[in-house]
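# Architecture at a glance
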Amino acid sequence: MNENKKIAIILGRGVEGCGVTKNAVEFVKFHKNAHVFAVADKKWPRHDSMKLTYTGFKCADASEVEKIISEINDNFDALLVYSVPSVKHSEMCVDNFVNMLGKIKLPKTMVQVDHNIISILRNAKLMDICNSMDRLLTHSVSGAFAKWCGENAIHTPLVSMGVGFNYDMHREQWWKPIDEQNDMHVKWIGRCALWKGPVEMINLHNDHLRQHGFITTLEGLEASVQSLIITHHDGGPHGERKNPRDVNECIRGARRKQALDLYGKEKPGDAPWLYPDYKNEECMERLSRCAFGADLYRLKKEYYGNNIEYCHAEVISSGTVPLFHRHFGDHIIHPKTGLPCTHGFSGTVWYDPDNQDHTAEQMIKLAGDRVMRDEWREASFEFWKGHSDSSVVNVDIRDKVLSATPGTGNRFAGVERFFS
């Protein structure tokens, strides 16, 4: 039985504390016979943001790598690679990583979750690594990674994957009674990536919600160069930064250090509060006490596959009414209805950039009616659990990992690659 098979997971870039790490966290929750091995050559700022048990090793140290190779070959049935070293890792680290993959004799599968070709190209020796795999998994077989594989004669079979989440487990830990929530609080969670919609969230609040006494907080914004676009109308690496947005910015300097003391002190009608990266459990507690949770993720339609983000799933199963981007909902299909997720009632408020008045009107109505809001959040939980529960999605991933055939990548010619 596949549930008894042991799967070794490798985080080749280390424990980054963002989406890739969350993939590993959720898979280990689902498949108890999995263990994570993480490259520890570089320590990431968010490495302790999520609870994850793992074995760290210095990939630039050949003796440590040999121990990991032996442990995986001797004790596991398959290998699942969730990330690989970046081009900024040392040459020794990268070379040892590639050699390690060659010496692991189990079925080898790699997951690629990046949507953007710029992010994909930050992976070191990606062609060598992909061709050493027996199967590749990605969100969309029409996305940037699939296109890159085609352009670079990658021989390994490429198939689609879902994003699975244990909705029931998360709900049991965080869901609050409706009267313990702030009816007027909207919390966006994510990181400093413009395609997650932080600017849209700021504008929706300042232009439509603020005047009605709402509080909007955004959590997860690291102080990167891109954050200057979020904090300034004329931001960015070459911007003059003379025209700041109307926000309460707590992601740099002294204000960043004060962030933990400022949570909960926001007042109705304030400008949006921008907070730094967070520890997952602390953020989930704050989120669960809000009426609305937001992730305004938007990509090119061919990049979505059929997948949510983990921030979507956390918003839903923490007991908030979700606020998601309509473009996203228009282009993912619910497996039980066969229709786009915006068709029919899903308990979701859809952010419509062309009709923000309607979005705000729905939120104002729900803020003032706890009975209706409770019905919406229950409906959203059932709808989205039916879309991407780990009991279905992670079974598919596990079966694909365990059924990969060793040596496949080296045997396939370019014209024989397949998509499914």
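See the structure above.
Residues numbered from 1 in each chain as written. Predicted model: local features only at pLDDT ≥ 70, side-chain atom pairs only at ≥ 80, totals over all residues. Heavy atoms only, no water.

### Quick notes on the overall build of the protein chain
Helix and strand content of the protein chain: 18 helices and 14 strands. Relative to the globule expectation of 22 Å for 420 residues, the C-alpha radius of gyration of the protein chain, 22 Å, shows essentially globular dimensions. Overall, the C-alpha framework of the protein chain stretches about 60 × 45 × 35 Å when taken along its three principal axes. Nonlocal contacts in the protein chain, meaning residues at least 24 apart in sequence, comprise 76% of its contacts between residues at least 6 apart. Accessible area for the protein chain stands at about 17500 Å²; split by element, carbon and sulfur atoms hold 50% of it. On the protein chain, the mean spot of the 52 positive side-chain charges and the mean spot of the 55 negative ones are 3 Å from each other. (Helix = DSSP H or I, 4+ residues; strand = E, 2+ residues; numbered from the N terminus. Rg over C-alpha atoms; globule rule 2.2 N^0.38 Å. Contact = heavy atoms within 4.5 Å. Areas by Shrake-Rupley, 256 points an atom, 1.4 Å probe, with all protein chains shown as cover. Lys, Arg positive; Asp, Glu negative; His and termini not counted. Charge placed at Lys NZ, Arg CZ, Asp CG, Glu CD.)

### Some thoughts on the nonpolar core
I9, L11, Y82, F328 and W384 are the most contacted members of the largest nonpolar core, which totals 52 residues. Beyond its immediate sequence surroundings of up to four residues, I9 is in contact with A24, F27, V28, A34, H35, V36, F37, L80 and Y82. Formed by 35 residues, the second largest nonpolar core is a distinct cluster that contains L79, V84, F97 and M133. (Core = buried A, V, L, I, M, F, W, Y, C linked by side-chain atoms within 4.5 Å. Buried < 20%, exposed > 50% of the residue type's maximum accessible area, 1.4 Å probe, protein only.)

### A word on the side chain of D183
You can see D183 is positioned in strand 8 (residues 182-189). Given a relative accessible area of 18%, D183 falls into the buried group. Within polar-contact distance, the side chain of D183 engages the side chain of R370 at 3.0 Å. Among the polar contacts made by the side chain of D183, one reaches the side chain of R373 at a distance of 3.0 Å. In contact with D183, other than residues within four places in its own chain, are A291, F292, A367, R370 and R373. (Polar contact = N/O pair within 3.5 Å; in protein donor to acceptor, adjacent residues only side chain to side chain.)

### Topic: the sheet that holds strand 14 (residues 349-351)
With respect to topology, seven strands assemble into an open sheet ordered 10-11-9-8-12-13-14, the strand pairing being parallel. One side of each edge strand has no neighbouring strand; the edge strands of this open sheet are strand 10 (248-249) and strand 14. As paired strands, strand 8 and strand 9 (residues 215-219) are joined by five bridges and run parallel to one another. Opposite H185, over in strand 9, you have I215 as the bridge partner. Most of the contacts of helix 8 (residues 198-209) go to strand 9, to which it runs at about 170°, and overall it touches strand 8, strand 9, strand 11 (273-275), strand 12 (290-295), strand 13 (321-325) and strand 14. Sitting on the sheet, helix 16 (residues 370-388) touches strand 8, strand 12, strand 13 and strand 14, and the angle it makes with strand 13 is about 60°. (Pairing = 2+ DSSP bridges. Axes fitted to C-alpha atoms, helices over the stretch in contact; angles between N-to-C directions.)

### Section: the pattern of salt bridges
Applying the stated rule across the entire model yields 25 salt bridges. Taking the shortest distance from any N to any O, the salt bridge between K196 and E309 comes out at 2.6 Å. Taken together, the residues span a long stretch of sequence, with K196 in the loop between strand 8 and helix 8 and E309 in the loop between strand 12 and helix 13 (310-317) at a distance of 113 residues. You'll find K196 and E309 in the same group, each marked buried. A salt bridge links D352 to R326; the shortest N-O distance between them is 3.9 Å. Taken together, the positions of D352 in the loop between strand 14 and helix 15 (356-367) and R326 in helix 14 (residues 326-330) put the pair 26 residues apart, joining distant regions of the chain. A network of salt bridges, in which partner residues are shared, links K22, E26, K29 and E314. (Salt bridge = Lys/Arg side-chain N within 4 Å of Asp/Glu carboxyl O.)

### What to know about a nonpolar patch on the surface
There is a patch of nonpolar side chains on the surface, built from I117, I118 and L121 and spanning about 280 Å² of accessible area. As for its position among the elements, I118 is in helix 4 (residues 117-120). Overall, the relative accessible area of 52% leaves I118 in the exposed class. (Patch = residues over 30% accessible without salt bridge, like charges linked within 9 Å, V, L, I, M, F, W, Y side chains within 5 Å.)

### Overview of the environment of M110
Position of M110 among the secondary structure elements: in strand 5 (residues 108-112). On the basis of relative accessibility, which here comes to 2%, the residue M110 falls in the buried class. Apart from residues no more than four positions distant in its own chain, M110 is found in contact with V81, V84, L126, I129, C130, M133, R135, L136, L137 and F145.

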